[in-house]
Amino acid sequence: MNLKHSFSLLIFLIITTFSLSAKAGFFDQGGSGFGSASADGFLPVEQAFRLTGDLKGTQLTLTWHIEPEHYLYRSRFKVLPVLPENADLTILEIPRGEQVVDEFQGNVEILRDKAILSYEFNMPDETVRQGVVIKVTFQGCAEAGLCYPPHTQQLNLVQNAR
């Protein structure tokens with residue numbers, strides 16, 4: 001390779017690198033990677049599926065407000081107690097979903113609009129009253145063709161007045 005071709009190749013690589021960096025910077029504005037509204041037109045996962053938790057006595061209620069044209073997989077919920085360390089949960093209720101043939105998962109039940117799950121802490125009320133920390137994992141999709149990866153959120157909860 002002669003000097004002229006080497007110089008042309010170097011200029012090409014520099015321009016390509018700056019061009020790709022500029023595109024990446026443009027798409028990263030206001031978003032945080034996968035599922036970012038600014039990068040690909042899809043809502044961030046925590047906006048598409050807004051999760052709240054409520055603790056009354058030893059009963060835990062988790063509520064997801066699901067954006068239109070989005071859904072959660074009924075079989076993809078996982079709740080793990082973090083604190084207190086010896087905490088144990090029993091599932092009380094997971095609502096039935098709509099039976100669909102999903103392009104990503106096959107025959108599944110999905111939940112739209114709102115999902116409310118109930119759990120019971122198997123420990124004294126006095127222990128739960130001090131507050132709990134849980135990790136909640138769930139997965140859902142946008143009907144426009146995005147299946148979000150499993151997402152985990154940590155919730156720090158204290159008892160509400162009865």
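Let me begin by describing the structure that accompanies this report.

Calculation notes
Residues numbered from 1 in each chain as written. Predicted model: local features only at pLDDT ≥ 70, side-chain atom pairs only at ≥ 80, totals over all residues. Heavy atoms only, no water. Phe/Tyr/Trp six-rings, centres within 6.5 Å; stacked < 30°, edge-to-face > 60°. Helix = DSSP H or I, 4+ residues; strand = E, 2+ residues; numbered from the N terminus. Buried < 20%, exposed > 50% of the residue type's maximum accessible area, 1.4 Å probe, protein only. Lys NZ or Arg CZ within 6 Å of the ring centre and 35° of its normal. Contact = heavy atoms within 4.5 Å. Core = buried A, V, L, I, M, F, W, Y, C linked by side-chain atoms within 4.5 Å. Pairing = 2+ DSSP bridges. Axes fitted to C-alpha atoms, helices over the stretch in contact; angles between N-to-C directions.

**Remarks on the packing of aromatic side chains**
Part 1 of the argument: With the rule as written, the count across this model stands at 5 aromatic pairs.
Part 2 of the argument: Geometrically, the ring pair formed by tryptophan 64 and phenylalanine 77 is tilted, given 4.7 Å between the ring centres and 50° between the ring planes. One end of the pair, tryptophan 64, is in strand S2 (residues 59-66); the other, phenylalanine 77, is in the loop between strand S3 (70-73) and strand S4 (78-83), with 13 residues separating them in the sequence. The same class applies to tryptophan 64 as to phenylalanine 77, namely buried.
Part 3 of the argument: Ring geometry for tryptophan 64 and phenylalanine 138: centres 5.6 Å apart, planes at 70°, overall edge-to-face. One end of the pair, tryptophan 64, is in strand S2; the other, phenylalanine 138, is in strand S9 (residues 132-138), with 74 residues separating them in the sequence.
Part 4 of the argument: Aromatic rings pair up to connect Phe49, Trp64, Phe77, Phe138 and Tyr148 into one cluster.
Part 5 of the argument: Above the face of the tyrosine 73 ring, arginine 76 is positioned so that its terminal group lies 5.8 Å from the ring centre.

**Considering the side chain of threonine 58**
Part 1 of the argument: Examined against the element boundaries, threonine 58 turns out to sit in the loop between strand S1 (49-56) and S2.
Part 2 of the argument: Discounting chain neighbours no more than four positions away, the residues touching threonine 58 are Tyr119, Glu120, Phe121, Met123, Pro124, Asp125, Val128 and Gln159.

**Looking at unusual backbone geometry**
Glycine aside, negative phi is the norm for most residues, and most peptide bonds take the trans geometry.
Part 1 of the argument: Between leucine 83 and the following residue, proline 84, the backbone shows a cis peptide bond with an omega angle of -5°.
Part 2 of the argument: Its location among the elements puts proline 84 in the loop between S4 and strand S5 (89-93).
Part 3 of the argument: A positive phi angle is found at glutamate 69, which is not glycine, with a value near 65°.
Part 4 of the argument: With a relative accessible area of 58%, glutamate 69 lands in the exposed category.

**Looking at the nonpolar core**
Nonpolar side chains in soluble globular proteins generally cluster together in the buried interior.
Part 1 of the argument: With 31 residues, the main nonpolar core has Leu60, Leu62, Trp64 and Phe121 as its most contacted residues.
Part 2 of the argument: Mapped onto this core, the elements with two or more residues apiece are helix H3 (45-48), S1, S2, strand S8 (114-121), S9 and strand S12 (151-157).
Part 3 of the argument: Filtering out sequence-adjacent residues up to four positions away, leucine 60 remains in contact with Asp54, Leu55, Val79, Leu89, Leu117, Ser118, Tyr119, Phe121, Ile134 and Leu157.
Part 4 of the argument: If you look at the next biggest cluster of nonpolar residues, it comprises 7 residues, including Tyr71, Val100, Val108 and Ile110.

**Brief notes about the sheet that holds strand S6 (residues 98-102)**
Part 1 of the argument: Pairing in this open sheet of 5 strands is antiparallel, and the strands run S6-S7-S3-S10-S11 from one edge to the other. One side of each edge strand has no neighbouring strand; the edge strands of this open sheet are S6 and strand S11 (146-147).
Part 2 of the argument: One ladder, built from 5 bridges, connects S6 with strand S7 (residues 106-111); its direction is antiparallel. Bridging from a neighbouring strand, valine 100 pairs with valine 108 of S7.

**Remarks on the sheet that holds S8**
Part 1 of the argument: Strand order in the open sheet made by the 4 strands is S1-S2-S8-S5, with antiparallel pairing throughout. Every interior strand has two partners, whereas the edge strands, S1 and S5, have only one. Sheet twist, expressed as the average angle between the axes of neighbouring strands with direction ignored, equals 25°.
Part 2 of the argument: As paired elements, S5 and S8 share 4 bridges and run antiparallel to each other. Residue pairing for S8: leucine 89 is matched across the bridge by phenylalanine 121.

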